[in-house]
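# What the coordinates show
If you want the building blocks of each chain, they are given just below.
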Amino acid sequence: MGAAKHLAPDPAPTSMKVDVAIVGAGFAGMYMLYRARQAGFTARVFERGGGVGGTWYWNRYPGARCDVPSLEYSYQFSDELQQEWEWSEKYATQPEILRYAEHVADRFDLRRDISFNTTVISLQWHNDAWLVTTTAANDASPHREHTTTARFVVLGTGCLSSANVPRFPDDHLFTGGTYHTGAWPHEGVDFSGRRVAVIGTGSSGIQSIPLIAEQAAHLTVMQRTPAYSIPARNQQLAPEYVASIKANYAEFRRKNSLTRAALGGDTPTGPHGASEVNEVERRAALEERWQKGGLLFLGAFNDALTNPESNRLIADFVRDKIRSTVRNPDTARKLTPDDIIGCKRLCVDTEYYETFNRPNVSLIDLREQPIERFTANGVVVRSATGSRSSEEHEFDAIVFATGFDAMTGAISKISITGRNGTMLHDAWSAGPVNYLGLSVHGFPNLFTITGPGSPSVLTNMIVSIQHHVEWIADCITWLKDHRMSTIEADADAQQRWVRHVNTVAGMTLYQSCSSWYLGANVPAKPRIFMPLPGFPAYAQTCADVARDGYRGFAVSHH
Ligand code: NAP
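An account of the accompanying structure is given in this report. (Residues numbered from 1 in each chain as written. Predicted model: local features only at pLDDT ≥ 70, side-chain atom pairs only at ≥ 80, totals over all residues. Heavy atoms only, no water.)

### Describing the overall build of the chain
Looking only at helices and strands, one finds 16 helices and 20 strands in the chain. Scaling as 2.2 N^0.38, a compact globule of 558 residues should have a C-alpha radius of gyration of about 24 Å, and the chain matches this with 24 Å. Dimensions of the chain along its principal axes, counting C-alpha atoms only, are 70 × 55 × 45 Å. The buried share among the 558 residues of the chain stands at 57%. Taking the contacts inside the chain whose residues are at least 6 apart along the sequence as the reference set, 71% of them involve residues at least 24 apart. Summed over all atoms, the accessible surface of the chain reaches about 23,000 Å², with 50% contributed by carbon and sulfur. Of the side-chain charges in the chain, 53 are positive and 58 negative, and the distance between the mean point of each set is 2 Å. (Helix = DSSP H or I, 4+ residues; strand = E, 2+ residues; numbered from the N terminus. Rg over C-alpha atoms; globule rule 2.2 N^0.38 Å. Buried < 20%, exposed > 50% of the residue type's maximum accessible area, 1.4 Å probe, protein only. Contact = heavy atoms within 4.5 Å. Areas by Shrake-Rupley, 256 points an atom, 1.4 Å probe, with all protein chains shown as cover. Lys, Arg positive; Asp, Glu negative; His and termini not counted. Charge placed at Lys NZ, Arg CZ, Asp CG, Glu CD.)

### What about the packing of aromatic side chains?
Taken as a whole and assessed by the stated rule, the structure comprises 41 aromatic pairs. Consider the rings of Phe27 and Tyr73, whose centres lie 6.1 Å apart with planes at 85°: the pair is edge-to-face. Here Tyr73 lies in the loop between α2 (55-58) and α3 (79-84) and Phe27 lies in helix α1 (residues 27-38), a separation of 46 residues in the sequence. Tyr73 sits in the buried class, given a relative accessible area of 9%. Directly above the aromatic system of Trp58 lies the positively charged group of Arg48, at a separation of 4.3 Å from the ring centroid. (Phe/Tyr/Trp six-rings, centres within 6.5 Å; stacked < 30°, edge-to-face > 60°. Lys NZ or Arg CZ within 6 Å of the ring centre and 35° of its normal.)

### A look at the pattern of salt bridges
Per the stated rule, a full pass over the model turns up 28 salt bridges. Of the charged contacts in the structure, one is a salt bridge between Asp67 and Arg345, with a shortest N-O distance of 2.7 Å. Of this pair, Asp67 sits in the loop between α2 and α3 while Arg345 is found in the loop between α10 (329-335) and β11 (347-349), placing the two residues 278 residues apart along the sequence. For Asp67, a relative accessible area of 11% gives the class buried. Relative accessible area serves as the criterion here: at 26%, Arg345 is assigned to the partly exposed category. The shortest N-O distance in the salt bridge between Arg107 and Glu84 comes to 2.4 Å. Taken together, the positions of Arg107 in helix α4 (residues 94-107) and Glu84 in helix α3 put the pair 23 residues apart, joining distant regions of the chain. Look at Arg107 and you get partly exposed, because its relative accessible area is 33%. (Salt bridge = Lys/Arg side-chain N within 4 Å of Asp/Glu carboxyl O.)

### Section: the site of the ligand
Around the ligand, a shell composed of 24 residues is seen, among which Ser204, Gln207, Arg224, Thr225 and Lys344 lie nearest. In the model, an oxygen atom of the ligand is placed 3.0 Å from a nitrogen or oxygen of the Asp67 main chain. Trp516 is positioned with one of its side-chain polar atoms (N or O) 3.0 Å from an oxygen atom of the ligand. The element best represented in the shell around the ligand is helix α5 (residues 203-215), accounting for three residues. Class assignment for the residues of the shell around the ligand results in ten nonpolar, nine polar and five charged. (Near = heavy atom within 4 Å. Polar contact = N/O pair within 3.5 Å; in protein donor to acceptor, adjacent residues only side chain to side chain. Nonpolar A, V, L, I, M, F, W, Y, C, P; charged D, E, K, R; others polar.)

### Here's the deal with the environment of Leu438
When you line up the elements, Leu438 lands in the loop between α13 (424-427) and β18 (446-448). The class of Leu438 is buried, set by a relative accessible area of 0%. Along the backbone, Leu438 and Gly453 are 15 residues apart, and their C-alpha atoms lie at a distance of 8.0 Å. Leaving out residues up to four positions away in the same chain, Leu438 has contacts with Leu446, Phe447, Thr448, His468, Trp471, Ile472, Tyr538 and Cys542.

### As for the state of the cysteines
For the coordinates displayed, the defined rule picks out one disulfide. Here Cys343 is linked by a disulfide to Cys513, with a sulfur-sulfur distance of 2.1 Å. Measuring handedness by torsion sign, the sulfur bridge of Cys343 and Cys513 sits at about -100° and is left-handed. Taken together, the residues Cys343 in the loop between α10 and β11 and Cys513 in the loop between α15 (491-506) and α16 (535-547) connect sequence positions 170 residues apart. Just as Cys343 is buried, Cys513 falls in that class too. Of all cysteine sulfurs, the one in Cys347 lies closest to Cys66, which takes part in no disulfide; the gap is 13 Å. Judged by relative accessible area, which is 6%, Cys66 ranks as buried. In this structure Cys347 comes out as buried when scored by relative accessible area, which is 2%. (Disulfide = S-S within 2.5 Å.)

Okay, here's the thing in structure tokens:
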């Protein structure tokens, strides 16, 4: 899967004791390092990859780009940075975002405190400090293990960083190339003249399918659940528009942070429910958002994810669009979703549905024709004729666009032992529990950036990351100033928080489908809605908790 290079870790510094150990050098880890330094702490980042950028380091598949506008999907902690950086497109490509991450690393001299090609394999709370055991990336040889002592650990491991690669009978027999979108070979893949299958039609599949179709001899899309996708309407950024944002960047950021998803403050959610207006008004409002493109489509009405009837009306609009775009009626039928729109994360595309009008693209609906097994030459699925027979499809390459073990996957790969030998694996056996999405009872001085139980993946991630990093930096500074040594979530506060997250999620339609928000895409993963809807209320709660002397946390003195 992909090209996993076997690399030696970069040498760790001579002093193996730091105030703050940070796991991951994506946008979360980089900013945490910056803030920790600013607050006068020593810090070390451990990063599995060979460079900064996290998700943007790994997801190099064709068509990978962000579906949050570039002017929003960027740091705001340094006005110089946000003034000097020039985004070229409304939605930045993966290479451009990676260049930005690298620029930030250089500009703030971050690399000297980052150990690349280094995997954190365990964290152990011992004598009021964390023992951080690391090894060379992709290498579990015990003799290469290295231990660092840290007072605090911050997990910036990412919500969508642990690839979900489903297993199929005889999948080891396939002799062609296999690739996961989230671990794409750095040298790229040339599909010219090849017969390619893409399994999965979430955001990654939907972005890569049109580009792979342009290159491959033939592309077969294997779809289990059809997705709702909205056109991106990507474009070059006009210099006058960029200048107008930059002239008032702070206000632009402030407006965005006041929305539920911490994005799109310039395009507020409509004042009505979709079933409160007549059909002409409804279609006009939806058409306007459809023409504008992007994730804010769902904000045409204020009850898309709370009122099933409104949701159906909105979904009908998109279903009509699919039918009027895809020429083959049977293909259009298969591509048309019948579930709640927005229950799974909305996708944003460029020419996705149009791609199915190409002569070299075909679609297999895995609900009608499930995969039976792999062979040396391809994949055997149940026959389309409805009989009990099977049919083999031959491929030179198979792309797994099958997503991630979301939100908890990367954390659960680390063996984490807290106070009194409690394992995080056990504490989370029935699903993740924590306080504020930031801290777990039994695991002192350990913080999760955009952890489950926080708005995280329901928002512009950079805004949530920034919010958490600043909260954590303020918290550990407060501990230092008050001569406190440890902080840990109370069991009661944690229980109340878990209930609160469930209650808020329960008021929405999010639990009506098998999404990765619920962990439903990974076999045997406990089903629990992990993110918390609503950024502004959450941010207010975090501020109140800090102002009240870290209410709900137990702190101890030196
Ligand atoms: P995903 O949304 O989880 O989609 C995975 C796809 O693979 C789904 O269609 C899923 O079908 C299918 N699948 C999974 N297991 C399968 C199996 N055993 N057999 C057949 N099909 C299977 O993953 P993703 O597309 O990588 O996106 C994940 C998230 O990353 C997105 O929701 C988004 O938050 C983020 N992302 C963002 C961007 C962007 O900014 N533009 C781009 C890519 C990703 P089911 O639906 O039936 O499970």
